[in-house]
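Observations on the model geometry
So you can see what is in the structure, the chains are spelled out below.
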Amino acid sequence: MAELTDDLAELVEAIVVPLVEFPEDCEITASETEDGAVLVEISVNEGDVGKVIGRQGRVIKSIRTLARAAASRSGAMAEVELID
């Protein structure tokens, strides 16, 4: 499961870093929750939050969909959260 956790963090990082203006402030952490799901937390510069969320939440929704699809290939669940 640790390999899946790292892979999901790398996937989300590959998507988020090119979107933001301050990539050095981008932090992506992944951990396993009590129920066995993988939780990926995204922390970006205050000025980049809107870029990660996108219009009407479309970008973050797409990131969540990709992470869930990648996790489901291994039979796991994934959650992606944007930390303020």
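It should be emphasised that the depicted structure is a prediction, and the values quoted were computed from it without experimental measurement.

**Topic: the sheet that holds strand E2 (residues 38-43)**
The 3 strands lie next to each other as E1-E2-E3, forming an open sheet whose pairing is mixed. Here the strands that pair on one side only, and so sit at the sheet edges, are strand E1 (27-32) and strand E3 (78-83). Strand-to-strand twist in this sheet, taken as the mean axis angle between neighbours without regard to direction, amounts to 20°. Alignment of E1 against E2, held across 6 bridges, turns out to be antiparallel. Bridge pairing in E2 places Glu27 opposite Ser43. Of the strands in this sheet, E1, E2 and E3 are in contact with helix H1 (residues 2-16), which crosses E1 at around 155°. Against the sheet, helix H3 (residues 58-72) engages E2 and E3, with an angle of about 150° to E3.

Cut-offs and rules
Residues numbered from 1 in each chain as written. Predicted model: local features only at pLDDT ≥ 70, side-chain atom pairs only at ≥ 80, totals over all residues. Heavy atoms only, no water. Pairing = 2+ DSSP bridges. Helix = DSSP H or I, 4+ residues; strand = E, 2+ residues; numbered from the N terminus. Axes fitted to C-alpha atoms, helices over the stretch in contact; angles between N-to-C directions. Contact = heavy atoms within 4.5 Å.

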